[in-house]
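Each chain, letter by letter, is given below.
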Amino acid sequence: MKIIKYLFFLLLLVVIGGAVYIATKDGKFQVEESRVIEAPDELLFNTINEYKTWEKWGPWMDSSDDLIMNYSEKTSGEGSSYSWKSETQGEGKMETTKTAPFSSIDQKITFITPMGESKSDVYWKFEKIEGKKTKVTWGMKGEQSFMEKAFWLTQDSTLSQNLRPMYSRGLEKLDTFANEKMKEHSINVDGVTEHSGGFYMYSATASSIAAIPQKMTQMLPAVQAYIQQNKLPQSGMPFTLYNEFNEEQGTAIYSTAIPVREKVITPTDSNILCDFLPRQKAVKTTLKGDYVHLKKAWETAYKYITDNNLEPNTETPPFEVYKTDPNLQPNPAEWVTEIYVPIK
């Protein structure tokens, strides 16, 4: 009988000692992962800020085919939330508590477990780096309850070690999702229209076709600077006139231009000149998407002309108008370019 009492007393000491050990063990945790993604911070911020996109890149979608997600009336910005339920993933809720556009998002996550509710802070940071790249950091921090600390002591890994691969996988999937979104584009032939024409300031050059994008990044700012320095009223969006375009030789002569309200007399030694675009009929084609799709858009425009027995007017050059400023809209999928091919 004494042995049983001693064993019971020893077991009690072990239980009490274990409880004291767990209670005094620091339950604070923080885990975060970062990834440099070749996408603008605005696109990445808007993607994460909208909970309905999480189904597309959330890492938990890989390991659960019974996940049910329910959204609140507001799905983006402060006060938005969603909840989930799954046999394998359990259930819980995520709520956005604070946002700083394009730089950070703060959220509160609640896990509903047999041990009760567990709340932690989730945070996102977006850091612009060279080129159009963004360093995205995804993290979570909080403090474990007594029961949670006890549970993780029975596991082969810690909570942080368990979360880290999931966060890394999520950022990888976010990278893929963002790049696929930037590749989205549409080409629409609007048909025959009349372009109003007008005066424009321009800079002209000749180069290989491959060098056109690089040349334009130098020419357009020079035209813009001339207009600003001389306080000329700009009357439209920038455009490029293709005076000659020889695909066989891979060369082109072209002008980068900005519309102005009236004729401007420039100094004889100026590299920026003024000219006039006549009012004319043209086939209009609209590209929504990255400029890399312009070749396909031009081919679509000329196919329309051929299929409809129209004849290009070779006396006036075709041109493309950039309706979206890439500096104001960093997502290439949202860029709008209008192509005009003059016809007789």
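Heads up: the structure comes first, above all this text.
Summary of the structure given here.

Cut-offs used in this document
- Residues numbered from 1 in each chain as written.
- Predicted model: local features only at pLDDT ≥ 70, side-chain atom pairs only at ≥ 80, totals over all residues.
- Heavy atoms only, no water.
- 1 Å grid on protein atoms, 1.4 Å probe; cavity = no way out; pocket = protein on both sides within 12 Å on 5 of 7 lines; lining within 4 Å.
- Points joined across faces, edges and corners; volume = space filled by probe spheres on them.
- Helix = DSSP H or I, 4+ residues; strand = E, 2+ residues; numbered from the N terminus.
- Nonpolar A, V, L, I, M, F, W, Y, C, P; charged D, E, K, R; others polar.
- Pairing = 2+ DSSP bridges.
- Axes fitted to C-alpha atoms, helices over the stretch in contact; angles between N-to-C directions.
- Contact = heavy atoms within 4.5 Å.
- Salt bridge = Lys/Arg side-chain N within 4 Å of Asp/Glu carboxyl O.
- Buried < 20%, exposed > 50% of the residue type's maximum accessible area, 1.4 Å probe, protein only.
- Core = buried A, V, L, I, M, F, W, Y, C linked by side-chain atoms within 4.5 Å.
- Polar contact = N/O pair within 3.5 Å; in protein donor to acceptor, adjacent residues only side chain to side chain.
- Phe/Tyr/Trp six-rings, centres within 6.5 Å; stacked < 30°, edge-to-face > 60°.

**Comments concerning the layout of surface pockets**
Here is step 1: Reported here for the largest pocket is a volume of approximately 1,200 Å³.
Here is step 2: The wall of the largest pocket is formed by 32 residues, among which M216, Y242, L294, E320 and Y322 lie closest to the centre.
Here is step 3: Sorting the residues of the lining of the largest pocket by element identifies α6 (212–229), β10 (239–246), α7 (294–307) and β14 (319–322) as the ones contributing at least two each.
Here is step 4: In terms of residue count, α6 provides more of the lining of the largest pocket than any other element does, 7 residues in total.
Here is step 5: When its residues are assigned to classes, the lining of the largest pocket shows 19 nonpolar, 6 polar and 7 charged.

**What to know about the sheet that holds strand β8 (residues 186–195)**
Here is step 1: One open sheet accounts for 8 strands, arranged β8-β13-β15-β14-β10-β11-β9-β12; its pairing is antiparallel. Both edges of this open sheet fall to β8 and β12 (273–277), since each of them pairs with a single strand only. Pairwise comparison of adjacent strand axes, ignoring direction, gives a mean angle of 30° for this sheet.
Here is step 2: Pairing geometry for strand β9 (residues 198–208) and strand β11 (residues 251–259), over 9 bridges, is antiparallel. When the bridges of β11 are listed, M201 appears paired with I258.
Here is step 3: Seen against the sheet, α6 touches β9, β10, β11 and β14 and runs at an angle of roughly 30° to β11.
Here is step 4: Along the sheet face, α7 touches β8, β10, β13 (280–288), β14 and β15 (336–342) and points at about 35° away from the line of β15.

**Some points on the pattern of salt bridges**
Here is step 1: A full pass over the atoms with the stated rule returns 12 salt bridges.
Here is step 2: Of the charged contacts in the structure, one is a salt bridge between E184 and K181, with a shortest N-O distance of 3.6 Å.
Here is step 3: Residue K181 is classed as partly exposed on the basis of its relative accessible area, which comes to 31%.
Here is step 4: One salt bridge in this structure joins E299 and K295, with 2.6 Å as the shortest N-O distance. One end of the pair is E299 and the other is K295, both in helix α7 and 4 residues apart, which spans about a single turn.

**Some thoughts on the nonpolar core**
Here is step 1: Within the largest apolar cluster, 32 residues are counted, with the highest numbers of intra-cluster contacts made by I48, W54, W124, V136 and L174.
Here is step 2: Where this core is concerned, the elements lending two or more residues are β1 (28–37), α2 (41–49), α3 (54–57), β3 (81–86), β5 (104–113), β6 (116–129), β7 (133–143) and α5 (159–183).
Here is step 3: Among the elements that make up this core, the one with the highest residue count is α5 (7 residues).
Here is step 4: By size, the runner-up hydrophobic cluster in this structure holds 17 residues, among which are A252, Y254, Y322 and V341.

**Focus: the environment of D175**
Here is step 1: Tracing the backbone shows D175 in helix α5.
Here is step 2: The exposure class of D175 is buried, given its relative accessible area of 15%.
Here is step 3: With residues near it in sequence (within four places) discarded, D175 still touches R35, V36 and I37.
Here is step 4: One polar contact links D175 to N179, side chain to side chain, over a distance of 2.7 Å.

**Quick notes on the packing of aromatic side chains**
Here is step 1: Scanning the entire structure with this criterion turns up 24 aromatic pairs.
Here is step 2: Seen from their ring centres, F45 and F102 are 5.6 Å apart, and the 85° between their planes marks the pair as edge-to-face. In this pair, F45 sits in helix α2 while F102 sits in the loop between β4 (90–100) and β5, placing the two residues 57 residues apart along the sequence.
Here is step 3: The class for F102 is partly exposed, based on a relative accessible area of 32%.

**Remarks on the side chain of S270**
Here is step 1: On the secondary structure map, S270 appears in the loop between β11 and β12.
Here is step 2: Within the local environment of S270, its side chain forms a polar contact with the backbone oxygen of I272, the two atoms lying 2.8 Å apart.

**Description of unusual backbone geometry**
Generally, phi is negative for residues other than glycine and the peptide bonds are trans, each holding for most cases.
Here is step 1: With a phi angle near 50°, K231 is a residue other than glycine that sits in the positive phi range.
Here is step 2: Tracing the chain through its elements places K231 in the loop between α6 and β10.
Here is step 3: Here the phi dihedral of N309 falls at roughly 55°; this positive angle occurs in a residue that is not glycine.
Here is step 4: In this structure, N309 sits in the loop between α7 and β14.

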